[in-house]
Amino acid sequence: MTAPRCADAADAWTLTSRDGLQIRILGHGASWVGCKVPLRDGASREVLLGFDDLDSQRRNRAYVGATVGRWANRIAGLKLRQGERSWTLASEPGLNHQLHGGPGGFHQREWTLLELADDRIRLGLHSADGDQGFPGDLDVEVLYRLLPGHTVEIDYRARLGGNRASPVGLTNHAYFQLDGHDDVDVRQQRLQVTASRVLPVDGSGLPTGAPVSVASPDAARLDYQASRVIGQPLDNAFLLEEGIASMARAAATLKSRDRLLAMDLFTTLPALQVYTGEFLASGTRDCHPQWPAFSGIALEPQYLPDSPHHPEWPQPDCWLRPGAVWAHRIRYRFRT
């Protein structure tokens, strides 16, 4: 398989750090589509899934590398409700929920370049009142920057206008393949998640109850508090431990099968969706390349799925008030 390059994209930028880490960003979807990490032997390894052309990036239905919003993950019932108010949400045909902000969400939009320097790029987007069904005008900025120590950081800022609150929860949907593009099944890699609770979900990924302990019999298979081989398909939301939001310790660590590379993920967000790419083949059908199932893993910091309807869950409020700013951060540190 070829390395991602989207060679025909006009709005595409490559940043390279002083220690040799290189990332590739697209204006379409404010997408992170390339990340070359220097190895100890002097070689570099491409660790993100991506495509050879911009049409594939636009056509894919797997959110490869994209900034997703206004709400990452699922909102149940196609209705957004707050008190006695409700709003009808846009959705793909046949779904009983909205996924990743709707079919015309932030992942399908052309973002505006606001800032470009050797070590950073800032992109902006305006989401009008009613966009995909959400209330309020939202102005969003995403800042990608390179830090010392083979580190990528993503900063999000969103300001809500108007007079109505709206849930806001953005994330990045990059698929990582720490073994490079050698058709390694990501379930053979090792994962640790700093979470003792996981959200029970049904076959559509919608919650069936409040977060439960991974020590309980029904959730024991999802205990990744200690690093272990992934070993199974995952599409689950983990409630991160208290204190993770300070970013003093990693929310998750992923290790390649060949043990040559590891990635630590830090975030200020309260939960982490782990998706091992079971439906990548169908999501990238007719794309170049078409990525097979389990060829990449998405680690998506966010709120728990359907959080706008569950203020009782033990996490910060996800409804942004008019005039307020939503600000969160994700940091990825690569180790060899």
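What comes next concerns the included structure.

## Some words on the overall build of the chain
At step 1: Helices and strands together make up the secondary structure of the chain, namely two helices and 27 strands.
At step 2: Scaling as 2.2 N^0.38, a compact globule of 336 residues should have a C-alpha radius of gyration of about 20 Å, and the chain matches this with 19 Å.
At step 3: With respect to the three principal axes, the spread of C-alpha positions in the chain is 60 × 50 × 40 Å.
At step 4: For the chain, buried positions account for 57% of its 336 residues.
At step 5: The long-range share in the chain, meaning contacts at least 24 apart out of those at least 6 apart in sequence, stands at 67%.
At step 6: Per element, the accessible surface of the chain, about 13200 Å² overall, is 47% carbon and sulfur.
At step 7: Of the charged side chains in the chain, 36 are positive and 39 negative, and the gap between their average positions amounts to 3 Å.

## Focus: the pairing of strand E3 (residues 31–38)
At step 1: By the criterion of burial, E3 is predominantly enclosed, with seven of the eight residues buried.
At step 2: A loop of four residues connects strand E2 (residues 22–26) with E3, the two strands running antiparallel in sequence, and Gly 29 in this loop sits at a positive phi of about 75 degrees.
At step 3: Taking the residues between adjacent antiparallel strands as the criterion, E3 and strand E4 (residues 44–46) are bridged by five residues, where Gly 42 takes a positive phi near 95 degrees.

## Comments concerning the pattern of salt bridges
At step 1: Throughout the structure, instances matching the rule amount to 19 salt bridges.
At step 2: Put simply, Asp 258 and Arg 45 hold a salt bridge, and the shortest N to O gap is 2.8 Å. Placement of the pair is Asp 258 in the loop between strand E22 (252–255) and strand E23 (262–267) and Arg 45 in strand E4, with a sequence separation of 213 residues.
At step 3: Residue Arg 45 is classed as buried on the basis of its relative accessible area, which comes to 12%.
At step 4: Asp 317 is the partner of Arg 321 in a salt bridge, and the nearest nitrogen-oxygen pair spans 3.0 Å.
At step 5: Among the ionic contacts, a cluster of salt bridges with common partners joins Glu 115, Asp 119, Arg 120, Arg 122 and Glu 141.

## Side note on the side chain of Thr 267
At step 1: Position of Thr 267 relative to the elements: it lies in strand E23.
At step 2: Among the polar contacts listed, one links the side chain of Thr 267 to the backbone nitrogen of Leu 269, at a separation of 3.1 Å.
At step 3: A distance of 3.1 Å separates the side chain of Thr 267 from the backbone oxygen of Arg 329, its partner in a polar contact.
At step 4: Not counting residues up to four positions away in its chain, the partners in contact with Thr 267 are Leu 240, Ile 244, Ala 245, Met 247, Ala 251, Pro 301, Arg 329 and Ile 330.

## Digging into the environment of Tyr 275
At step 1: As for its position among the elements, Tyr 275 is in strand E24 (residues 271–275).
At step 2: C-alpha of Tyr 275 to C-alpha of Leu 299: the two residues are 24 residues apart in sequence and 6.7 Å apart in space.
At step 3: If we skip the residues at most four places from it in the chain, Tyr 275 touches His 173, Tyr 175, Leu 234, Asp 235, Leu 280, Gly 296, Ile 297, Ala 298 and Glu 300.

## Thoughts on the packing of aromatic side chains
At step 1: Inspection of every chain in the model, using the stated rule, returns eight aromatic pairs.
At step 2: Ring-pair connections join several aromatic residues into one group, and the members of that group are Trp 32, Phe 176 and Tyr 332.
At step 3: Of note, Arg 187 hangs over the ring of Phe 294, and the distance from its end group to the ring centre comes to 3.5 Å.
At step 4: One Lys or Arg, Arg 228, reaches over the ring of Tyr 224 and ends 3.8 Å from the middle of that ring.

## Remarks on the sheet that holds E4
At step 1: Across the sheet, which stays open at both edges, the four strands sit in the order E1-E2-E3-E4 with antiparallel pairing between neighbours. Each having just a single partner strand, strand E1 (12–16) and E4 make up the two edges of the open sheet. For this sheet, the mean inter-axis angle between neighbouring strands, taken without regard to orientation, is 20 degrees.
At step 2: The pairing of E1 with E2 spans five bridges and is antiparallel. Across the sheet, residue Trp 13 finds its bridge partner in E2, namely Ile 25.

## Details of the environment of Leu 280
At step 1: Here Leu 280 lies in helix H2 (residues 280–283).
At step 2: Owing to a relative accessible area of 0%, Leu 280 belongs among the buried residues under this scheme.
At step 3: Sequence separation between Leu 280 and Pro 292 is 12 residues; the distance between their C-alpha atoms is 5.8 Å.
At step 4: Dropping the residues within four chain positions of it, Leu 280 is found in contact with Leu 49, Ala 62, Tyr 175, Tyr 275, Trp 291, Pro 292, Ala 293, Ser 295 and Gly 296.

## Remarks on the side chain of Asn 73
At step 1: If you trace the backbone, Asn 73 turns up in the loop between strand E5 (67–68) and strand E6 (74–76).
At step 2: Within the structure, Asn 73 has its side chain in polar contact with the side chain of Gln 273 (distance 2.9 Å).
At step 3: Excluding residues within four positions of it along the chain, Asn 73 makes contact with Gln 98, Leu 99, His 100, Gln 273, Gln 302 and Pro 305.

The rules behind these values
Residues numbered from 1 in each chain as written. Predicted model: local features only at pLDDT ≥ 70, side-chain atom pairs only at ≥ 80, totals over all residues. Heavy atoms only, no water. Helix = DSSP H or I, 4+ residues; strand = E, 2+ residues; numbered from the N terminus. Rg over C-alpha atoms; globule rule 2.2 N^0.38 Å. Buried < 20%, exposed > 50% of the residue type's maximum accessible area, 1.4 Å probe, protein only. Contact = heavy atoms within 4.5 Å. Areas by Shrake-Rupley, 256 points an atom, 1.4 Å probe, with all protein chains shown as cover. Lys, Arg positive; Asp, Glu negative; His and termini not counted. Charge placed at Lys NZ, Arg CZ, Asp CG, Glu CD. Pairing = 2+ DSSP bridges. Salt bridge = Lys/Arg side-chain N within 4 Å of Asp/Glu carboxyl O. Polar contact = N/O pair within 3.5 Å; in protein donor to acceptor, adjacent residues only side chain to side chain. Phe/Tyr/Trp six-rings, centres within 6.5 Å; stacked < 30°, edge-to-face > 60°. Lys NZ or Arg CZ within 6 Å of the ring centre and 35° of its normal. Axes fitted to C-alpha atoms, helices over the stretch in contact; angles between N-to-C directions.

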